[in-house]
Every structure is written in C-alpha cells, then in structure tokens.
Amino acid sequence: MGAPLLLFVCGWFFSFSCQPSSKLHCPTPQCRPVGGQKGKVALQAEKSADKSQHHFGGKKHAVIAATSKRPRSVAVSPHGKFMAVGGAFGPLQILRVADGRLMRRLGKGNELKEGLLVRYSRSGELLASAGHDLNGVRIWDPDTGDLKREWKAETGQISTLALAGEKTLLVGGIKGRVEAFDMGSGTKQGKFRMRYQQRVASLDTDRSGGWAAAADLSGDVEIYNLQSWQRVGRVTAGKRLSA
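Structural notes, computed from the coordinates. (Residues numbered from 1 in each chain as written. Predicted model: local features only at pLDDT ≥ 70, side-chain atom pairs only at ≥ 80, totals over all residues. Heavy atoms only, no water.)

Considerations on the packing of aromatic side chains
Item 1. Inspection of the entire model under this criterion finds two aromatic pairs.
Item 2. The interplanar angle of 40° and the centroid separation of 5.1 Å between the aromatic rings of tryptophan 151 and phenylalanine 181 together place this pair among those described as tilted. Within this pair, whereas tryptophan 151 is found in strand β12 (residues 147-152), its partner phenylalanine 181 is found in strand β15 (residues 177-182), the two being separated by 30 residues in sequence.
Item 3. Judged by its relative accessible area of 13%, tryptophan 151 is buried.
Item 4. In this structure phenylalanine 181 comes out as buried when scored by relative accessible area, which is 3%.
Item 5. Ring geometry for phenylalanine 192 and tyrosine 224: centres 3.7 Å apart, planes at 15°, overall stacked. With phenylalanine 192 in strand β16 (residues 188-193) and tyrosine 224 in strand β19 (residues 220-225), this pair connects stretches of sequence that are 32 residues apart. (Phe/Tyr/Trp six-rings, centres within 6.5 Å; stacked < 30°, edge-to-face > 60°. Helix = DSSP H or I, 4+ residues; strand = E, 2+ residues; numbered from the N terminus. Buried < 20%, exposed > 50% of the residue type's maximum accessible area, 1.4 Å probe, protein only.)

Things to note about the sheet that holds β15
Whenever strands of a sheet pair, they do so through backbone hydrogen bonds, lying parallel or antiparallel.
Item 1. With antiparallel pairing, the four strands of this open sheet are ordered in space as β13-β14-β15-β16. The open sheet has two edge strands, β13 (158-164) and β16, and neither has a second partner. Strand-to-strand twist of the sheet, defined as the mean angle between neighbouring strand axes without regard to direction, takes the value 20°.
Item 2. Here strand β14 (residues 168-173) runs beside β15; their pairing, made up of five bridges, is antiparallel. Within the sheet, the bridge partner assigned to threonine 168 lies in β15 and is aspartate 182. (Pairing = 2+ DSSP bridges. Axes fitted to C-alpha atoms, helices over the stretch in contact; angles between N-to-C directions.)

Here it is, written out as structure tokens:
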C-alpha cells in the first residue's frame, strides 16, 4: 500500500471514528452538519483560514426538519444552498440552508423505521435515496422532485451510501456486500464483498473515485481498487465498530 493511499485510509478512519450516530454529509468546506435530535438539523459554520471572516456569518444555522423522528441522514448540495433530509416515517425533504424553508418533498414516505439514506451526485443534479428496510435505490431530480429511476440492489438491506467520482453510487448492505451503480443510468459498474461478510457500517472514497474504504462491524477497514474491484489493503481497528 503506497504512502498516499495509507494517508487516505488513516484520515478516513479517523473521521469515521468521530462521526455521530446520524449520518450527516456536508461536502462543502464552509460548513459542517451537527446535531440531529427530535427532527432538528444544524449547520455549524467553519472559520475562514485568516480568522477575520466567518462563512455564513459565523453563526449556527438551525434548520427544523418536518420529520416525526430524528433524521437518519443529511446531505448538503455541492453548491451549499440546499440539503436533503431523510428521516424516519416520512418522505425525503429538500430544505433551503439559508432559512430552513421546506422546498419540496420527494415521494410519499415508505414508513421506514430506520429512515432514508441520502447522497447527492458531485454536480448536485441527481439525488440518491435508499432505506434499511428496502433493497431499492431511487434517483431523484432534486430541482423538480421527479423520480428519475429506481432499481433493486443485491446487497440485501442497505446500510450505507457513498459517492465515487462524479456520479458512481456505492451501496453497502448486510453480509459485507457493496455494489456500484451509475446514478444517471442505473447500470451496475462493479461489486465486492468484505472478508467477514458482516454489515457494512461505512463507506468512503478518494475524490477521483479510484479507491474505496469500507468498514464493517467486525472492526476491519478494507481498501478496494474500484477498477479491478479487488481488495488491496486492510486495517484492523482492534475493536468492534458502531455504524
């Protein structure tokens, strides 16, 4: 394993071990999502490098999400204007970051006890949603609310989503299975299965989409080449991980 890849793995694992129980994703460097209780989601502004200015006015922007339970997953659009909230027992919601206004609801809600997982494409033109109680993946147009396509994954119950490259969606499920799909067409691009075949707790990739790190509940983090779909490295955390 080369030095750059090792640094990527170590940095990814450190960030994974510090994540809160709700899966909150903010791809922009100007903010970070925090909290996630009783239907509330907050974006905490980060200080700029020169410490003379604060993004978003240096304030915490609290957003109230109209979900009956705590949000399961949050994804901020690449341009930072909107965020998608997947909550338990309700439809997917698009909220405006500036003031928390509900812009639209996607779908009728699937009564998922665990809530929906959400992930934007790199351009923000597509939005993926999936649920623990479903084997299906749905791709939405977040600007219009139209359902573009949907398909069934062979991972079993879906536990985590990740983005590789521009619009390759990685779907992790029970028994260590991970599949990759093109969000635009729904075409399967590849798959791999983790060594101990336990539920995939978390997935992440480098920005180019060439490598993926996958963690399961055994405490292992495995590294995969997304061209050959072969395992090229493994790190043992030494204790059981929680999703």
